[in-house]
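Structure assessment
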Amino acid sequence: MPTSSTVITFGTFDVFHVGHLRVIERAAALGDRLVVGVSADALNVSKKGREPVFSQDERLAIVGALRWVDEVFVEESLELKRDYIVAHGARTLVMGDDWTGKFDEFEDICQVVYLPRTPAISTTAIVEKISTGS
Ligand code: CTP
């Protein structure tokens, strides 16, 4: 049986933008299979203090349709990261470098890679730009 090296990453991926695309492309290049945990609506409210623009079902559909993504699931809780990594047999955990150091505790079960964020774009900035018109 061929061995596959699964990469896992997490995020909200609301109002999907090029920064999201770039992190997913680079995460996929680190293994044979990419699994993405998409934050539940409730988790997003507790983490970012606002309802996402797109519902979790819509965000799952968008991320799951990308050619680099092999599987998507709903990330219900930040506390379950270790369980998700183990359940998906991930060899590598990828996070944006806004999280540098925060997930080193998982180095006992997988490689942890922090990728540089794409500069000057975020969901927050896009939402603000649309709502203020500037
Ligand atoms: N990301 C990135 N470059 C950006 C924005 C996001 O590489 N410019 C990455 C994050 O580091 C994370 C993933 O995309 O690995 C999902 O990030 P998410 O928090 O959903 O996107 P943001 O645009 O940062 O959202 P917000 O403004 O709501 O915090």
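Residues numbered from 1 in each chain as written. Predicted model: local features only at pLDDT ≥ 70, side-chain atom pairs only at ≥ 80, totals over all residues. Heavy atoms only, no water.

Quick notes on the pattern of salt bridges
Cut-off, in case you're wondering: Between Lys or Arg on one side and Asp or Glu on the other, a salt bridge is scored when a side-chain nitrogen of the former is within 4 Å of a carboxyl oxygen of the latter. Under the scheme used here, helices are H or I runs from DSSP no shorter than 4 residues and strands are E runs no shorter than 2 residues, and both carry numbers assigned from the N terminus. For the exposure calls, accessible area comes from a 1.4 Å probe over protein chains only, and a residue counts as buried if that area is under 20% of its type's maximum, exposed if over 50%, partly exposed in between.
All chains considered together, the criterion is met by 6 salt bridges. A salt bridge links Asp 98 to Arg 117; the shortest N-O distance between them is 3.1 Å. Here the residue Asp 98 occupies a position in the loop between β4 (90-96) and β5 (111-115), and Arg 117 occupies one in the loop between β5 and α5 (123-132), the gap between them amounting to 19 residues. The partly exposed category is assigned to Asp 98, whose relative accessible area is 40%.

Let's talk about the environment of Arg 82
Let me state the cut-off plainly: Residue contacts are defined here by distance: any two heavy atoms, one from each residue, within 4.5 Å place the two residues in contact. Between N or O atoms, a polar contact is any pair within 3.5 Å; within protein, one atom must be a potential hydrogen donor and the other a potential acceptor, and residues adjacent in sequence are included only when both atoms are from side chains.
Examined against the element boundaries, Arg 82 turns out to sit in helix α4 (residues 81-87). On the basis of relative accessibility, which here comes to 29%, the residue Arg 82 falls in the partly exposed class. Separated by 28 residues in the primary sequence, Arg 82 and Cys 110 place their C-alpha atoms 9.8 Å from one another. Arg 82 has contacts with Glu 105, Phe 106, Asp 108 and Ile 109, leaving out every residue within four places of it along the chain. Within the structure, Arg 82 has its side chain in polar contact with the backbone oxygen of Glu 105 (distance 3.0 Å).

Some points on the site of the ligand
The line we're drawing: Definition of nearness: a residue and a molecule or strand are near each other if at least one heavy atom of the residue lies within 4 Å of the molecule or strand. Methods summary: accessible areas were calculated by the Shrake-Rupley approach with a probe of 1.4 Å, and residue burial reflects only the protein chains presented. Throughout, the protein atoms alone are placed on a 1 Å grid, and a set of points is a cavity if a 1.4 Å probe fits but cannot get out or a pocket if it is open with protein on both sides within 12 Å along at least five of seven lines; lining residues have an atom within 4 Å of a point. Criterion for pocket placement: a molecule counts as inside a cavity or pocket if more than half of its atoms are within 2 Å of its grid points. Gly counts as polar in this scheme, as do all residues outside two lists: the nonpolar Ala, Val, Leu, Ile, Met, Phe, Trp, Tyr, Cys and Pro, and the charged Asp, Glu, Lys and Arg.
The environment of the ligand is formed by 17 residues, the closest being Lys 48, Thr 118, Ile 121, Thr 123 and Thr 124. The backbone of Thr 118 places a nitrogen or oxygen atom 2.7 Å from a nitrogen atom of the ligand. In the complex, the protein chains occlude 92% of the 570 Å² of accessible area that the ligand would expose alone. Of all the cavities here, the one that holds the ligand is the largest pocket. Elements supplying a minimum of two residues to the shell around the ligand: α1 (18-28) and α5. Sort the elements by how many residues they give to the shell around the ligand and α1 lands first, with 3 residues. Grouping the constituent residues of the shell around the ligand by class yields 3 nonpolar, 10 polar and 4 charged.

Section: the pairing of β4
Applied cut-off: Paired strands, in this sense, are two strands between which DSSP finds at least two bridges.
For β4, the buried fraction is high: 6 of the 7 residues fall into the buried class. Looking at chain direction, strand β1 (residues 6-11) and β4 are connected through 4 bridges and run parallel. Residue Val 7 lies in a different strand from β4, and its bridge partner there is Thr 92.

Concerning the side chain of Lys 81
Here Lys 81 shows up in helix α4. With residues near it in sequence (within four places) discarded, Lys 81 still touches Phe 10, Glu 75, Met 95, Phe 103 and Phe 106.

Side note on a nonpolar patch on the surface
Where we set the bar: To count toward a patch, a residue needs a relative accessible area over 30% and no salt bridge; like charges are then connected within 9 Å, while nonpolar side chains (Val, Leu, Ile, Met, Phe, Trp, Tyr) are connected within 5 Å.
Judged by side-chain polarity, Val 53, Phe 54 and Ile 62 come together as a nonpolar surface patch covering roughly 220 Å² of accessible area. With respect to the secondary-structure elements, Phe 54 resides in the loop between α2 (41-48) and α3 (56-64). Of the residues examined, Phe 54 reaches a relative accessible area of 31% and is grouped as partly exposed.

Side note on unusual backbone geometry
One non-glycine residue, Val 15, adopts positive backbone phi at about 50°. Within the secondary structure layout, Val 15 lies in the loop between β1 and α1. Even without a glycine there, the phi angle at Ala 120 is positive, about 60°. By the secondary structure assignment, Ala 120 is in the loop between β5 and α5. Owing to a relative accessible area of 86%, Ala 120 belongs among the exposed residues under this scheme.

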